[in-house]
Amino acid sequence: MEEKKRIMACLAVAVVVLSGVVGQVRSGPFDHRFKAGEDVPLYANKVGPFHNPSETYRYFDLPFCSSGPKKEKKEALGEVLNGDRLVTAPYKLDFLNEKESEIACKRKLKKEEIAQFRNAVSKDYYFQMYYDDLPIWGFLGKVDKEGKTDPSEYKYYLFKHLHFNIFYNKDRVIEITVQSDPNAVVDLTEDKEVNVEFTYTVKWKETDIPFEKRMEKYSHSSSLPHHLEIHWFSIINSCVTVLLLTGFLATILMRVLKNDFVKYAHDEESADDQEETGWKYIHGDVFRFPKFKSLLAAALGSGTQLFTLTIFIFLLALVGVFYPYNRGALFTALVVIYALTSGIAGYTAATFYCQLEGSNWVRNLLLTGSLFCGPLFLTFCFLNTVAIAYSATAALPFGTIVVIFLIWTLVTAPLLVLGGIAGKNSKAEFQAPCRTTKYPREIPQLPWYRTTLPQMAMAGFLPFSAIYIELYYIFASVWGHRIYTIYSILFIVFIILLIVTAFITVALTYFQLAAEDHEWWWRSFLCGGSTGLFIYGYCLYYYYARSDMSGFMQTSFFFGYMACICYGFFLMLGAIGFRASLFFVRHIYRSIKCE
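Residues numbered from 1 in each chain as written. Predicted model: local features only at pLDDT ≥ 70, side-chain atom pairs only at ≥ 80, totals over all residues. Heavy atoms only, no water.

1. Some remarks on the overall build of the protein chain
Looking only at helices and strands, one finds 16 helices and 12 strands in the protein chain. Counting only residues that meet the buried cut, the protein chain has 49% of its 595 residues in that class. Partitioning the intrachain contacts of the protein chain with sequence separation of at least 6 by distance along the chain shows that 81% fall at a separation of at least 24. Of the accessible surface of the protein chain, which amounts to about 28,800 Å², a share of 61% is contributed by carbon and sulfur atoms. (Helix = DSSP H or I, 4+ residues; strand = E, 2+ residues; numbered from the N terminus. Buried < 20%, exposed > 50% of the residue type's maximum accessible area, 1.4 Å probe, protein only. Contact = heavy atoms within 4.5 Å. Areas by Shrake-Rupley, 256 points an atom, 1.4 Å probe, with all protein chains shown as cover.)

Have a look at this one:
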């Protein structure tokens with residue numbers, strides 16, 4: 001009774017802590033209605049080098065002028081994690097009020113400010129703004145390189161006039177675009193003071209597009225016919241891989257297993273003292289518990305939690321929660337769902353650890369809680385320090401760090417412990433079809449290609465080949481400015497990835513047992529998770545061959561956070577591979593008579 005009360009109290013705390021956070025994951029855009037002449041605020045978000053998506057700064061970190069007091073928009077948790085820092089822009093875009101070359105503000109730029117703008121223009125800095133939750137972008141200036149080979153002869157110009165085109169349907173804003181006037185510029189080439197007038201023009205046009213479809217234009221880029229062809233080619237490529245692999249297993253592996261069953265049954269009838277060979281020979285060792293069983297149980301628990309997290313994220317994506325530029329929704333969902341699924345990690349790890357006759361379940365629970373969060377926390381600390389040194393918006397404010405810490409302390413940790421207690425009390429026994437002998441058999445000398453690393457390379461290559469085409473679009477979205485909205489195709493690719501991972505791990509486990517190598521536990525987990533290492537290898541290729549990212553901050557953010565993501569894939573796919581292999585091993589040894 002007391003335990004039930006503690007569980008209910010922890011769940012109540014979890015609901016209180018997350019109630020405000022969950023509300024930030026909205027399933028559709030806010031419906032704002034305006035009257036003619038009403039002030040619709042334009043928010044300036046951030047500026048940064050176009051090719052370095054993680055290196056962004058506040059809009060007024062550059063010496064832009066302001067038309068009045070700056071008001072910062074209150075940001076939700078996911079928006080802060082996304083690096084958004086909205087502040088009122090110097091341009092006034094009242095509803096249905098047209099303006100022609102209106103002066104936004106004036107400023108006398110000093111020599112240092114001229115140099116600051118010139119540096120930004122040379123690095124292709126862009127700005128991002130939001131108008132009624134609709135994003136707009138533009139470049140700060142241009143570099144004139146025409147007819148010049150020496151970089152010291154380049155001319156640098158800052159755009160000082162913006163032209164806003166806004167489309168409306170009755171009393172609602174539907175679309176907004178912005179263009180910079182290439183003729184209205186400020187020469188930044190020399191370090192000398194200059195007076196600048198920032199001006200803007202506003203034009204309003206009526207449209208028939210309904211409010212519900214105003215976000216569709218942002219997703220059209222990923223749904224263009226030639227892009228869809230590539231996506232479907234990716235799926236066909238993956239399906240061919242799956243068919244070849246499953247066909248191989250169905251024809252070769254099942255035939256070999258059938259022959260094995262017939263052979264072993266015949267051996268039992270003809271000669272009881274005949275020496276056993278193959279995988280039956282090691283039936284007394286195949287279910288011998290592995291070394292480092294606490295670590296294996298923790299990895300299995302963490303991998304299961306990450307798999308559940310991924311499934312929930314896909315479900316939210318498929319129902320339309322992550323529509324284009326729903327700022328911070330993905331990060332909010334990741335934080336909330338990871339916190340709520342920590343009980344699954346605790347329950348899975350503790351149950352499996354106790355099945356393996358482990359005694360120190362508390363230490364196992366601590367290991368489970370820190371196995372993924374520990375490396376992620378250390379990576380975050382380093383990268384956040386780098387972002388603070390750069391004064392970038394990627395640096396999380398102290399208040400946000402406190403909120404995340406409270407979520408981990410009041411939700412993640414208690415649910416992990418509750419899951420662990422439930423797993424310990426489940427008293428489930430490990431289902432082993434064969435008795436384990438007292439002393440382990442010696443594993444015969446195996447050729448080099450049957451050792452762990454070559455087997456991991458073989459196991460990781462096939463699943464990676466099934467997803468590598470889709471990886472480019474995901475990378476271009478996460479580490480670029482491409483929009484990815486075809487979640488249904490991504491979900492199909494993910495299912496294919498799981499199937500291929502499970503089948504290739506099962507096949508390699510069978511070959512390992514047939515070679516009389518009974519230490520399959522860790523091998524199956526490592527082979528299943530090896531696809532994560534291939535994805536990290538793809539990171540190196542993408543960074544050097546497919547992107548223009550540069551600089552210490554962007555490089556450290558890319559390789560740091562991708563290491564955490566690939567580590568998560570390693571744990572998740574490792575858990576899938578191990579579960580598939582465990583099911584397979586139990587099945588084949590249940591089908592024969594073990595003495």
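Moving on from the coordinates now.
2. Re the pairing of strand S6 (residues 134-139)
Note: strand S5 (residues 125-131) against S6, six bridges, orientation antiparallel. Bridged to Tyr126 within S6 is Phe139. The loop that links S5 with its antiparallel partner S6 comprises two residues; one of these, Asp132, has a positive phi angle of about 55°. (Pairing = 2+ DSSP bridges.)

3. Comments concerning the packing of helix H8 (residues 342-355) against helix H9 (residues 361-371)
With their axes 10 Å apart at the nearest point, H8 and H9 run at an angle of 140° to one another. Classified by the angle their axes make, H8 and H9 are oblique. In this structure, H8 crosses over H9, and the sense of that crossing is right-handed. Judged by residue contacts, Ala345, Gly346, Ala349, Ala350 and Tyr353 of H8 engage Trp361, Asn364, Leu365 and Thr368 from H9. Of the residues assigned to the contact of H8 with H9, the class counts are six nonpolar, three polar and no charged. (Axes fitted to C-alpha atoms, helices over the stretch in contact; angles between N-to-C directions. Parallel < 35°, antiparallel > 145°, perpendicular 65-115°, else oblique. Left-handed = near helix turned anticlockwise from the far one by under 90°. Nonpolar A, V, L, I, M, F, W, Y, C, P; charged D, E, K, R; others polar.)

4. Some words on the side chain of Asp132
Tracing the chain through its elements places Asp132 in the loop between S5 and S6. With sequence-adjacent residues up to four places away left out, Asp132 is seen in contact with His32, Phe34, Val40, Pro41, Val173 and Arg214.

5. Here's the deal with a nonpolar patch on the surface
Taken together, the side chains of Trp232, Ile236, Val240, Leu244 and Ile492 present a nonpolar region at the surface, about 490 Å² in accessible area. Top element by residues in the nonpolar patch is helix H5 (residues 225-270). It accounts for four residues. Structurally, Leu244 can be placed in helix H5. (Patch = residues over 30% accessible without salt bridge, like charges linked within 9 Å, V, L, I, M, F, W, Y side chains within 5 Å. Salt bridge = Lys/Arg side-chain N within 4 Å of Asp/Glu carboxyl O.)

6. Comments concerning the confidence of the model for the protein chain
Predicted confidence across the protein chain gives a mean pLDDT of 86, with 88% of residues reaching 70 or more. The model gives residues 13-27 a pLDDT under 50, and that stretch makes 29 contacts with residues more than four places away or in other chains. (pLDDT = per-residue confidence, 0-100.)

7. A short note on the sheet that holds strand S11 (residues 185-187)
Strands sit in the order S7-S8-S11 across an open sheet of three strands; the sheet is antiparallel. Of all the strands in the sheet, the pair left with one neighbour each is strand S7 (141-144) and S11. Neighbour-to-neighbour, the strand axes of this sheet turn through a mean angle of 30°, independent of strand direction. Note: S7 against strand S8 (residues 155-159), four bridges, orientation antiparallel. Note on S8: the bridge partner recorded for Gly141 is Leu158. Contacting S7 and S8, helix H3 (residues 111-122) crosses the sheet at an angle of about 100° to S8.

8. Observations concerning the side chain of Thr88
As for its position among the elements, Thr88 is in strand S3 (residues 87-88). Its relative accessible area of 17% is what places Thr88 among the buried residues.

9. A closer look at the state of the cysteines
Considering all chains together, one arrives at one disulfide under this definition. The disulfide bridge from Cys65 ends at Cys105, spanning 1.8 Å between sulfur atoms. Residues Cys65 and Cys105 are joined by a disulfide whose S-S torsion is about 65°; by sign, that bridge is right-handed. In this pair, Cys65 sits in the loop between strand S2 (57-58) and helix H2 (77-81) while Cys105 sits in strand S4 (residues 99-109), placing the two residues 40 residues apart along the sequence. Take Cys65 and Cys105: they sit in the same class, and that class is buried. Looking at Cys539, it has no disulfide partner, and the nearest cysteine sulfur is the one in Cys566, 4.4 Å off. The class of Cys539 is buried, set by a relative accessible area of 0%. (Disulfide = S-S within 2.5 Å.)

10. Some thoughts on the packing of aromatic side chains
For the structure shown, the criterion picks out 52 aromatic pairs. Ring plane angle 75° and centroid distance 5.2 Å describe the contact between Phe64 and Phe117, whose orientation is recorded as edge-to-face. Here Phe64 is found in the loop between S2 and H2, whereas its partner Phe117 is found in helix H3, with 53 residues between them in sequence. Exposure remark for Phe64: the relative accessible area of 7% places this residue in the buried category. Overall, Phe117 belongs to the buried group, its relative accessible area being 0%. Aromatic pair Tyr338 and Phe372: ring centres 6.2 Å apart, planes at 45°, arrangement tilted. Of this pair, Tyr338 sits in helix H7 (residues 329-340) while Phe372 sits in the loop between H9 and helix H10 (373-390); the two residues are 34 residues apart in sequence, bridging distant segments of the chain. On the basis of relative accessibility, which here comes to 13%, the residue Phe372 falls in the buried class. (Phe/Tyr/Trp six-rings, centres within 6.5 Å; stacked < 30°, edge-to-face > 60°.)

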